[in-house]
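# Tertiary structure, described
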Amino acid sequence: EAEVAQSPRYKITEKSQAVAFWCDPISGHATLYWYRQILGQGPELLVQFQDESVVDDSQLPKDRFSAERLKGVDSTLKIQPAELGDSAMYLCASSTRGTGELFFGEGSRLTVL
Amino acid sequence: GQQVMQIPQYQHVQEGEDFTTYCNSSTTLSNIQWYKQRPGGHPVFLIQLVKSGEVKKQKRLTFQFGEAKKNSSLHITATQTTDVGTYFCAALGTASKLTFGTGTRLQVTL
């Protein structure tokens, strides 16, 4: 069964350092999402792509976060500089279209010291 | 922005008891989805509801979408230990943005 791949699974970094997360969605899925999930809370949408275009990044802290999906396939989420409050699980998800079932990856757990 | 609240935040039941979680939105929704997240895992899709007043069943799980398309519920009959996890509703609003609810954590003991 096809899966959404994410790496790294775990990342520990010191504040002010740069961090990058990678996501490879299920083949053929045009819509890709990055969510942030703080322990005990629901996932919060950071950015949504349709193919290579950003359709929603209203909750992305653009002073330190950036996301790209250059060829409309895999995607990278970057944080620079990381802050203590960025410690969370970063979940990538994909769907065939913007209104259907989301398939999530295992997530990348970030700890900022 | 759109807010999606779930109640209760946490419920602890004995195996065999029923469980219900409620999801409420501040705005009318295009559709609502439900996900289950096991401890340490990632959200897994359960179902999508689209029509006003829609009711769908999956074995012991019953999902309802309110008549005004602003609320939804998930009911589990005769819970089992395998039902442990956090249940999230996710509301599809304007611009195809999917907003997750606050979640209900279910604990089931023997």
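Cut-offs and rules
- Per-chain numbering applies: the sequence of each chain, read as written, is numbered from 1 onward.
- The lettering of chains begins at A and the numbering of ligands begins at 1, in the order of writing.
- Selection of residues for local features in this predicted model requires a pLDDT of at least 70, selection of side-chain atom pairs for listing and counting requires 80 or more, and totals for whole chains, interfaces and linings are taken over all residues.
- Heavy atoms from the whole structure form the basis of all side-chain values; hydrogens and water molecules are not counted.
- What counts as a helix is a DSSP run of H or I of at least four residues, what counts as a strand is a run of E of at least two, and both are numbered from the N terminus.
- Every radius of gyration here is taken over C-alpha atoms, with the globule rule written as 2.2 Å times N^0.38, N being the number of residues.
- Classification of residues uses two cut-offs on accessible area relative to the type maximum, computed with a 1.4 Å probe and protein chains only: under 20% is buried, over 50% is exposed, and between them is partly exposed.
- Residues are treated as being in contact if the distance between any of their heavy atoms lies within 4.5 Å.
- In protein, a polar contact requires one atom able to donate a hydrogen and another able to accept it; more generally it is a pair of N or O atoms within 3.5 Å, and residues adjacent in sequence count only if both atoms are side-chain atoms.
- What counts as buried area is the accessible surface, traced by a 1.4 Å probe, that two parts surrender upon association, with contributions from both included.
- A pairing counts as a salt bridge when a side-chain nitrogen of Lys or Arg comes within 4 Å of a carboxyl oxygen of Asp or Glu.
- By the convention adopted, Pro, Cys, Tyr, Trp, Phe, Met, Ile, Leu, Val and Ala count as nonpolar, Lys, Arg, Asp and Glu as charged, and the other residues, Gly among them, as polar.

Now for the overall build of chain A. The number of helices and strands found in chain A is zero helices and 11 strands. Across chain A, helices and strands are ordered from the amino to the carboxyl terminus as β-β-β-β-β-β-β-β-β-β-β. In terms of overall size, chain A behaves like a compact globule, its C-alpha atoms giving a radius of gyration of 13 Å where 113 residues would be expected to give roughly 13 Å. C-alpha extents for chain A along the principal axes are approximately 35 × 30 × 25 Å. Across the 113 residues that make up chain A, the buried fraction comes to 47%.

All names here are of chain A. Structurally, Gln-50 is set in strand E5 (residues 44-50). Spatially, the C-alpha atom of Gln-50 lies 9.0 Å from that of Tyr-33, the residues being 17 residues apart in sequence. Among all residues touching Gln-50, those that are not within four sequence positions of it are Ala-30, Thr-31, Val-55 and Arg-69. Polar side-chain contacts of Gln-50 include one of 2.7 Å to the side chain of Thr-31.

A few words on the interface of chain B and chain A. If you look at the interface, chain B gives 16 residues, while chain A gives 19 residues. When residues of chain B are sorted by the area they lose upon contact with chain A, His-42, Lys-97 and Phe-100 of chain B head the list and together hold 35% of the total. On inspection of chain B and its partner chain A, the count reaches zero salt bridges. Run the count over chain B and chain A and you get five residue pairs in polar contact (both at pLDDT 80 or more). Of all the secondary-structure elements, those providing two or more residues to the side of chain B that touches chain A are strand E4 (31-37), strand E5 (44-49), strand E9 (85-92) and strand E10 (98-100) of chain B. Among the elements that make up the side of chain B that touches chain A, the one with the highest residue count is E4 of chain B (four residues). Residues that form the side of chain B that touches chain A fall into these classes: seven nonpolar, eight polar and one charged.

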